[in-house]
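Inside the fold
Residues per chain, in single letters:
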Amino acid sequence: MKKFLKNFVIFALMIALGVGIVVLLKKTKNPLEHQATEMAARPVSVMTVSKQNFEATVTAYGNVEPASVLQGKSQVSGKVTYVHPSLKVGGSIKAGEVVTEIDPEDYQTSLEQTQADLAASTSQLAQLNQEERNVRQALSVAEENLKVAQANLNNVRRQDAPVRKNNEYIQKNLNLSRKNLQITQQNLALAQKEQARLQKLAQQRLIALSQVESQQQQVLQLEQQVVGQQQAIVQMEQQLSQQDQSEAKQDQSVLQQQQAILQQQQQVTELQGQLKTFESRRNSANAQVKRVEQQVKGQKTNLGRTKVTMPFSARISAVHVEVGSVVAVGTALFEADNNAGVEIRAELPTQHLQALLAGLKGQTLDYSAANMPALMQSLNLQAEVKIVGAGEQEQRSARVDRLAEAIDPVSRTLGVVVAVDQPYDNVVGQQLPLLKGMYVEVTLSALQNDAIVIPRKAVHQGRVYVMNAEQRLEIRPITIQSQEGEQVVIASGLAVGEQLIVNDLIPVIPSMPLLAKNQASAADKSAEPQPEGVR
């Protein structure tokens, strides 16, 4: 224990001694003199960042396919009686030429029968229309007759009134004449009595004979009056009888006119009822005519379908029929590829397509199906195709027709369909036409305005070296929009007018001094050719 304490004390004294010596040296030491040093400026090749027109280009591959393929199928059944001589695999048939023909005899017979039915139905309809016109004319006549009968009835009734009044007058006169006759007969009776009395007196010679004769004359006059009045009464009775007959005739005429009116009304009602039935009968007849017309149209269509014509100039890719074959509806006859154009579906990664569309940044695009033609025109994509593996072949102009409907689930690429019109026309020398199944290279390009383009060698793992205004190194991260060969299009990170370093720096120290090579000695300048804009 004592030995441990002794060693500890010695160790503490040594430490205290060392600290004292260090403090003493520090106090007696002269201050250090610092001399400023500066890293030598590194000569670099720089280019001024500017905007320029740039054509973005991507390459893809695909197979040539016809723009349209005709699957020739039979639309009627029957025996094939004709086949075009060029209906062979690889053969060419012009538009409008008959490719195959099926025996048309049965269809011609059916058409003639249906046309005869149509003629009969049309004749029935014409007859019905004529009947309707006749009934309308008869109705018009019946209505006029009804008006005439009503007018006659009114006339008869107007004539009946005076007859009845005249009859009343005659009856009154007859009654008066009968009363006068009675009075005259009474006077005659008195005169006869007076005559008898006077005759007795005359026989007794009490009065003169002249009085008796005078009384006899008076009696004779009264007898004549009675006879005259009786004759007048008879005449009046005859007139009254005639008037009664006239009145009866008038009544009979009224009844006859009323019966005529009823008959005309009945006839008008019957004709009106017949007219009402014509509408339904005409509708039925028209429906029959239309039905038969459709049958005729169908028969003509079937007759026309016995001939299969080529709708466009085409090359035959498959043949399934020959003369004598019996085919049913839907039987495949041939396949033909349209000569008017071919299509190539080129598969592009989405980032490559985005690079082509970079020039449209900020614009609103409508990708709906209805706007697809206008969209493809606004994208302004240029296309060229070249056959792969066919030696030296000229590139052929194509047009971007449409985009595929979906991303390929395996390759995660989007199909861009380009079209070449009239691929068989104007093929020069040893060049080959674009045939079905050929593997071709598709080059798509789009012109971009005001793009910042720098050499690829100026990019270092997503960064660039910039000489700032103080001529010192600034390491700048950038966003690359697209890369085309030895050129890179910058989306962000660089501004127009900045000095971009285009050569390698070793080591790379931020803020290290730099010197553009045109400011250094001529001996330090690089002999290698520099890209445009490099100093």
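First, a word on what this report is: a plain description of the structure on this page. Fair warning: this is a prediction, and the values are worked out from it, not measured in the lab.

The rules we used
Residues numbered from 1 in each chain as written. Predicted model: local features only at pLDDT ≥ 70, side-chain atom pairs only at ≥ 80, totals over all residues. Heavy atoms only, no water. Helix = DSSP H or I, 4+ residues; strand = E, 2+ residues; numbered from the N terminus. Rg over C-alpha atoms; globule rule 2.2 N^0.38 Å. Contact = heavy atoms within 4.5 Å. Areas by Shrake-Rupley, 256 points an atom, 1.4 Å probe, with all protein chains shown as cover. Buried < 20%, exposed > 50% of the residue type's maximum accessible area, 1.4 Å probe, protein only. Pairing = 2+ DSSP bridges. Patch = residues over 30% accessible without salt bridge, like charges linked within 9 Å, V, L, I, M, F, W, Y side chains within 5 Å. Salt bridge = Lys/Arg side-chain N within 4 Å of Asp/Glu carboxyl O. Core = buried A, V, L, I, M, F, W, Y, C linked by side-chain atoms within 4.5 Å.

**Focus: the overall build of the protein**
For the protein, the count of helices and strands is 5 helices and 23 strands. In summary, the protein has a C-alpha radius of gyration of 67 Å against a globular reference of 24 Å for 535 residues, an excess of more than 25%. Its C-alpha atoms give the protein principal-axis dimensions of roughly 240 × 90 × 70 Å. Pairs at least 24 residues apart make up 78% of the contacts formed inside the protein by residues separated by at least 6 positions. When the accessible area of the protein is evaluated, it comes to approximately 33900 Å², of which 51% is carbon and sulfur surface.

**Regarding the pairing of strand β15 (residues 413–421)**
Of all 9 residues that make up β15, 8 are buried, and the element is covered over most of its length. Note that strand β12 (residues 341–349) and β15 share 9 bridges and pair antiparallel. Pairing of Glu343 across the sheet is with Ala419, part of β15. Linkage of strand β14 (residues 396–407) to β15, two consecutive antiparallel strands, is achieved through a turn of 5 residues, within which Arg412 is found at a positive phi near 55 degrees.

**What to know about a nonpolar patch on the surface**
On the surface, Phe11, Ile15, Val19 and Val23 cluster together into a nonpolar patch covering about 370 Å² of accessible area. Its location among the elements puts Ile15 in helix α1 (residues 2–28). The class of Ile15 is partly exposed, set by a relative accessible area of 44%.

**Quick look at the nonpolar core**
In this structure, Leu356, Val418 and Leu444 are the most contacted members of the largest nonpolar core, which totals 37 residues. Where this core is concerned, the elements lending two or more residues are β3 (51–66), β12, α4 (350–356), α5 (372–379), β13 (382–387), β14, β15 and β16 (439–455). Tallying contributions element by element places β16 first for this core, with 6 residues. Once residues lying within four places of it in the same chain are set aside, the contact partners of Leu356 are Ala56, Thr57, Val58, Leu348, Leu381, Leu444, Ser445, Ala446 and Gln448. The next biggest cluster of nonpolar side chains, apart from the first, holds 34 residues, and it includes Leu111, Ala285, Ala314 and Phe334.

**Regarding the sheet that holds strand β6 (residues 92–93)**
Taken together, the 4 strands give an open sheet; going across it, the order is β4-β11-β9-β6, and neighbouring strands pair in antiparallel fashion. If you trace the sheet from one side to the other, it starts and ends with β4 (69–73) and β6, each paired once. Bridge count between strand β9 (residues 314–319) and strand β11 (residues 332–338): 5 bridges; the pairing is antiparallel. Within β11, the residue paired with Ala314 across the bridge is Asn338.

**Brief notes about the environment of Ala208**
Structurally, the position occupied by Ala208 is in the loop between α2 (105–203) and α3 (209–305). Residues Ala208 and Gly389, 181 residues apart in the sequence, show an inter-C-alpha distance of 183 Å.

**Considering the sheet that holds strand β10 (residues 326–327)**
Within the open sheet, the 4 strands sit side by side as β8-β7-β5-β10. Their pairing is antiparallel. Because the sheet does not close on itself, it has two edges, and the strands there are β8 (307–309) and β10. Direction of pairing for strand β5 (residues 78–83) relative to strand β7 (residues 98–102): antiparallel, over a ladder of 3 bridges. Within β7, the position partnered with Tyr82 by the bridge is Glu101.

**Some remarks on the side chain of Thr306**
Residue placement: Thr306 occurs in the loop between α3 and β8. Filtering out sequence-adjacent residues up to four positions away, Thr306 remains in contact with Val76, Thr100, Glu101, Ile102, Asp103, Pro104 and Tyr107.

None of this, on its own, says anything about what the molecule does.
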